[in-house]
Amino acid sequence: MTTTATEQDTASAEESRTATGESTGDPILQVRNLQKRFGGVVAVDGVGFEVEQGTVTGLIGPNGAGKSTTFDLITGVQNADGGQVIFDGTDITGRRPEQIANRGLVRTFQIARELSEMTVLENVMLAPPNQLGESLWRSVLPGFRGGVSEQEAELREEAWETLEFFAIDHLAGEYAGNLSGGQRKLLEMARVFMTDPDMILLDEPLAGVNPTLEEKLLDRIHELQSEGYTFLLVEHDMNVVMNHCDPVVVMHQGKRLMQGAPEEVRQDERVLEAYLGGEVEQ
Amino acid sequence: MSDGDAQADDTTPGGDTEQSVRDRIWAVASASDIRLIAVTLLAIYAIFLFLGIVGGLDANGLYSSLERVTFFAAVYALVVLALNLQWGYAGLFNIGIAGFMAIGLYSMHILTVQIGLAYPIGALGAVLITSLFGALVALPALRLRADYLAIVTLAFAEIVRSILGSQRFAEFTFAGFDIGFGGATGPDGTLPDPVKFFLYKHPYSLRPEPNAFGEFYFGLFDLFIIDDSTAEGILYALFLSLFVGLYYFLLVRTGNSPFGRVLKAIREDETVAKALGKDTRKFKITAFALGSALMGLAAILWYTKRGGVTPTNFEPEVTFFVFVALIIGGAGSNTGSVIGGIVFGALLFRGPVFIERIINQRLEAEADPTTIFDAFGGIDPFIVYTTDNLSALRVVLLGVVLVILIQRRPEGLLGKRKEIASSIDLEDRTGGEN
Ligand SMILES: Nc1ncnc2c1ncn2[C@@H]1O[C@H](COP(=O)(O)OP(=O)(O)O)[C@@H](O)[C@H]1O
Ligand SMILES: [Mg+2]
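Residues numbered from 1 in each chain as written. Chains lettered and ligands numbered in written order. Predicted model: local features only at pLDDT ≥ 70, side-chain atom pairs only at ≥ 80, totals over all residues. Heavy atoms only, no water.

Some points on the site of ligand 1
All names here are of chain A. Heads up, the rule is: A single heavy atom is enough: if one lies within 4 Å of a molecule or strand, its residue is considered near that molecule or strand. Contacts described as polar in this section are N or O atom pairs within 3.5 Å, which, within protein, must combine one atom able to donate a hydrogen with one able to accept it, while residues neighboring in sequence count only if both atoms come from side chains. Working definition of accessibility: Shrake-Rupley area with a 1.4 Å probe, residue cover restricted to the visible protein chains.
By nearness alone, every residue bordering ligand 1 is listed as Phe 38, Val 41, Ala 43, Asn 63, Gly 64, Ala 65, Gly 66, Lys 67, Ser 68 and Thr 69. Note that an oxygen atom of ligand 1 is positioned 2.8 Å from one of the side-chain N or O atoms of Ser 68. One of the side-chain nitrogen or oxygen atoms of Thr 69 is found 2.5 Å away from an oxygen atom of ligand 1. Alone, ligand 1 offers 560 Å² of accessible surface; in the complex the protein occludes 61% of this.

Structural notes on the interface of chain A and chain B
Formally: Contacts are residue-level and defined by heavy atoms, with any inter-residue pair within 4.5 Å sufficient. Accessible area that two parts lose when put together, with a 1.4 Å probe and added across both, is what the buried area reports. In the sections that follow, a salt bridge refers to a side-chain nitrogen of Lys or Arg positioned within 4 Å of a carboxyl oxygen of Asp or Glu. Helix and strand assignments follow DSSP, with helices taken as H or I runs no shorter than four residues and strands as E runs no shorter than two, numbered in order from the N terminus. For this classification, the nonpolar set comprises Ala, Val, Leu, Ile, Met, Phe, Trp, Tyr, Cys and Pro, the charged set comprises Asp, Glu, Lys and Arg, and every other residue, Gly included, is treated as polar.
Contacts between the two partners involve 45 residues from chain A, matched on the other side by 45 residues from chain B. Summed over both partners, the interface of chain A with chain B comes to about 4,000 Å²; 58% of that surface belongs to carbon and sulfur atoms. Here chain A and chain B share seven salt bridges between them. Going through the elements one at a time, α3 (97–102), α4 (120–126), α5 (136–140), α6 (142–165) and α7 (181–193) of chain A are the ones with two or more residues in the side of chain A that touches chain B. With twelve residues, the top contributor of residues to the side of chain A that touches chain B is α6(A). Grouping the amino acids of the side of chain A that touches chain B by side-chain chemistry returns 22 nonpolar, nine polar and 14 charged.

Quick word on the environment of Gly76(A)
Residue and element names in this part refer to chain A. This is how it is decided: A simple rule labels every residue: compare its accessible area, found with a 1.4 Å probe on the protein chains alone, to the largest value its type can have, and call it buried under 20%, exposed over 50%, or partly exposed in between.
Relative to the helices and strands, Gly 76 resides in the loop between α2 (67–74) and β4 (82–87). A residue is classified by how much of its surface remains accessible, and Gly 76, at 12% relative accessible area, is buried. Placed 152 residues apart in sequence, Gly 76 and Gly 228 show a C-alpha to C-alpha distance of 24 Å. Every residue in contact with Gly 76, bar those within four places of it in the chain, is listed here: Arg 95, Pro 97 and Ile 100.

As for the environment of Thr162(A)
Following the sequence through the fold, Thr162(A) ends up in helix α6. Expressed as a C-alpha distance, the spacing of Thr162(A) and Ala190(A), which sit 28 residues apart in the sequence, is 6.0 Å.

Details of the sheet that holds strand β7 (residues 199–203) of chain A
Strand pairing in a sheet relies on backbone hydrogen bonds, with the paired strands running either antiparallel or parallel. Residues and elements named next belong to chain A. Note the following rule: Pairing between strands requires that DSSP locate at least two bridges from one strand to the other. To obtain each axis, a line is fitted to C-alpha atoms, and for helices this fit is confined to the stretch in contact; angles are then taken between N-to-C directions over 0 to 180 degrees.
One open sheet accounts for six strands, arranged β6-β7-β8-β3-β9-β10; its pairing is mixed. In the strand order of this sheet, the two ends are held by β6 (105–107) and β10 (255–260), each with one partner. Taking each pair of neighbouring strands and ignoring which way they run, the sheet shows an average axis angle of 20°. Note: strand β3 (residues 56–60) against strand β9 (residues 248–252), three bridges, orientation parallel.

Below is the structure:
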């Protein structure tokens, strides 16, 4: 990658990232004792963990462990019944999703949520924050529309570069609804990168993505990591988790089961039992 | 794909050859949206002229029927464009259109006729009042699920209609002004007709005398054996068409922009828009208020000329008609909205009335009056019969049209269209700004 979409215009965000990609030891995200129940089902039962800046942290656990719900609680898509989320030193518990996104914490969805009746380009052009043309009068009044178009032309270049980065530029004019499952995942990623975030929560981003593209995508995640982005990655494929995530947080039945380096997680009895479906003694 | 919104997109897979030929004809015809609108209008004029000539109308009758067709095509286009912003773009299901139209028209009457403000100031005030009501109605519903907006708007429209028709508010004092809604028959005093000011020295004197422009204008139409009142109607139709142009310009700009992009995203999946950092409430309220304001203004332009200020003009069927018109044209497309408004207003709304007129005229002209009276017991009951059943017939006709449309062209007459929400051509990477 010679130029990335995010190299420009990110001066302020750049300051908060480390150039080397090594962890600075500061937690960028702290999750404390999160709770969520749906009727009788306790989906998240006091999970807590920290994500250090500049890491690709894995979040694993058997189906129904509460990973996706935890993402929803962190990003404000659902309200937690209890607990606390601290991002970049600020308590963001109970904030609205758009406020959290605008602080630089964004996420993708496990089931890709493309905007089907909009083209791929429209999808990614939606993402950049605080566009001039989002104000109605600027978009409409003759004296101001020029500035709107000017900014859009800059963002258009950024959008194209991002699509190239995620290898979906050949689909630029296509309706998002016509994309394959894997392509939708890539589109979602492209979209969140266009928001110029600091930290990205990826919910099974590789599901449906073909193996060659998967490799590329993981490479790209590491490239971005080296630019200072932080990732929290939910992934089912253990090979991917063992090779690409460090540390790894394991969830089971809405709780944090353990956290550690991939090696430790691999050798942990409790993790094995959880995945085999056995009841874990607490 | 380079002309952005100016191109219809043929995504229909070319199954049989007949289909693809038809699609190709469509693609050519729709190369320019403005041309597409013009062609539709001309085709409709041709139909009416043909029927009028067959029906034995004289020149004045023909022009007058075209004037009426244009009137209804234009007023429907205005309201449909406004609804397209709310429903077509943002997915905001407003089934209280009639209520917002009523607020606009009644505010106009109060501000101009009752309080005495000048026409343009009154219109501006009425538009602002309607947009405020739009924002107010949308506000509580935005916190709730999407379908609540439908319930709230429906209830709103019915409350508005019953308050306007209620005897209790027929006359009252507000902020020192004696105003009123006039009860079931509406308030006294006709709204000023802006076109008359262009044509007459003192438009509301007993026998208005044309001014210099009026002399010229009426003289011009005299050459074509068109009487003054038809000529006046034609000028009003042109005035309305100008507003259709303004609405279209405003809404194309609104849609083809980052603002329009957020609206589309809200329609597609609001959670995504929020997760990407958009404060969707702000966008929804703005779009809803603007759409409502445009509905209010459309009502002012409509009932200034035809129908008058009464609550009966704002029954729920108005809302239903506007939705049908938008579905005909294709929700989400501004060009489609104009076409839907024209097709609905001219063919489905005006068409039945026109045909009925022609049939009556033929009966009157051809049959010996005495035998007709003998046979049917007079012509008047016959006219009364058809007129009474007109709205029922119209609804049946609409039902049939809707069923055919949803089966054959669910995306509207124009099919699926690519109207990209951006101020520039996104696919033309190297291209400059538009
Ligand atoms: N909206 C919901 N309503 C009811 N139950 C839910 C809802 N969302 C998740 N759950 C339940 O919560 C538990 C955790 O789900 P989820 O967070 O999706 O797990 P994971 O992503 O780890 O597979 C599951 O038992 C699931 O059935
Ligand atoms: Mg999940």
